[in-house]
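Structural description and commentary
These are the residues of each chain, in order.
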Amino acid sequence: MYNLLKGKRGIITGALDQNSIAWKVAEKAHEEGATFVLTNAPVAMRMGEINALAEKTNAQIVPADATNVDDLTNLFIQSQEILGGKIDFVLHSIGMSVNIRKKIPYTESNYDYFLKGIDVSALSFHKMLAIAKKLDAINEGGSVVALSYMAAQRTYPFYTDMADIKAMLESIARSFGYYYGLEKKVRINTVSQSPTKTTAGSGIKGFGDFYDYADAIAPLGNADAASCADYCITLFSDLTRMVTMQNLFHDGGYSSTGVSDVVMQKMGIEEK
Ligand code: NAI
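Reading the values: the criteria
Residue positions are given per chain, counting from 1 as you read along its sequence in written order. At least 70 in pLDDT is required for a residue's local features to be given in this predicted model, at least 80 for side-chain atom pairs to be given and counted, and no such filter applies to totals for whole chains, interfaces and linings, which use all residues. As a rule here, side-chain values cover all heavy atoms of the structure and leave hydrogens and water aside. Secondary structure elements follow DSSP: runs of H or I of four or more residues count as helices, runs of E of two or more count as strands, with numbering from the N terminus. Computation of the radius of gyration draws on C-alpha atoms alone. For the globule rule, the value is 2.2 Å times the number of residues to the power 0.38. Partly exposed describes any residue whose relative accessible area lies between the buried limit of under 20% and the exposed limit of over 50%, with all areas from a 1.4 Å probe on protein chains only and scaled to the type maximum. Here, residues are in contact when the closest pair of their heavy atoms is within 4.5 Å. Calculation of accessible area relied on Shrake-Rupley with a 1.4 Å probe; when residues are assessed, cover is drawn exclusively from the protein chains displayed. In this charge count, Lys and Arg are treated as positive and Asp and Glu as negative; neither His nor the chain ends contribute. Charged groups are reduced to one reference atom each: NZ for lysine, CZ for arginine, CG for aspartic acid, CD for glutamic acid. In protein, a polar contact requires one atom able to donate a hydrogen and another able to accept it; more generally it is a pair of N or O atoms within 3.5 Å, and residues adjacent in sequence count only if both atoms are side-chain atoms.

It is worth spelling out the overall build of the protein at this point. Along the protein, the regular secondary structure elements total eleven helices and seven strands. Against the 2.2 N^0.38 benchmark of 19 Å for 272 residues, the protein shows a C-alpha radius of gyration of 18 Å, consistent with a compact globule. On the principal axes, the C-alpha backbone points of the protein span a range of 65 × 45 × 40 Å. Looking at the protein residue by residue over its 272 residues, the buried ones come to 51%. Across the protein, contacts joining residues at least 24 apart in sequence account for 75% of those joining residues at least 6 apart. Carbon and sulfur atoms form 52% of the exposed surface of the protein, whose accessible area is close to 13200 Å². For the protein, the distance from the average position of its 26 positive side-chain charges to the average position of its 30 negative side-chain charges is 4 Å.

In structure tokens:
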């Protein structure tokens, strides 16, 4: 513990269960001295697991469907009331593709599902930022982080429409980061995380095999949810106050590795 977030107020979306990346971020933010509000879609809360996290981290819960502007407005207003001031950090940890859930191949994407995926997983980020800016709800130097995946840059067939949606998410971080940075010095970044065994991750067909492949490529191995949370905490802290509009890879070196010896050996490719 370094007290990196001492006195800071936050909003953390997307903690569904103990495996969720957002769950780990909430635990670490609490350890680092932050106070925050937890939020998730009302339907996700019926599972009730978030209550245990709220208790453990002394957090209150404000339900909000991230596609709903009224819900998000209420989230920012209520969070400031609950926490007693403007917000210093926000985690966007929300992703869902109906096309993936229904195992529809990319080239045959259903467009209603595609639009739903965009709304939930990318446009929700724009909506949050626009509402926060309109309400002037984030302190100067505040930090907003959304979670992304490398399929935004390179093709991974199993990721189907989410690849395009993550590309949009990363673009929103850049575009909004410009305006919010100029006006209020608010930083906006995306963290491009290794495959991680969570509800969203495991819902992807072929994910288990791919998880092992990525682990065998990355010199440090796959980054887990807890280390992703550590990285997010550094981005919320004042130590990264000049970092904005970036897509930051948090993947054990995977994105810079062409091939590893381990994978070459598994392919049966011997040195001549
Ligand atoms: P998760 O399933 O634990 O979290 C996804 C969250 O999105 C859930 O809490 C869910 O309730 C929430 N959500 C869905 N629809 C919503 C809505 N309309 N309004 C509000 N919340 C809604 O899974 P995970 O893996 O922790 O996902 C968090 C983020 O990390 C997502 O953006 C995901 O794409 C990203 N990510 C995950 C990776 C993985 O391999 N698990 C790799 C790279 C990025």
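This part is about unusual backbone geometry. The phi dihedral of Asn58 is positive, around 55 degrees, even though this residue is not glycine. Considering the arrangement of structural elements, one finds Asn58 in the loop between helix 3 (49-56) and strand 3 (60-61). Its identity is not glycine, yet Lys103 carries a phi of approximately 55 degrees, on the positive side. When you line up the elements, Lys103 lands in the loop between helix 5 (98-101) and helix 6 (111-135).

In this fold, Gln193 is placed in strand 6 (residues 187-193). A polar atom in the side chain of Gln193 sits 2.8 Å from the side chain of His250. Apart from the residues lying within four places of it in its own chain, the contact partners of Gln193 are Ile21, Ser148, Tyr149, Ala223, Asp224, Ala225, Cys228 and His250.

No statement about biological role is implied by the geometric values presented.
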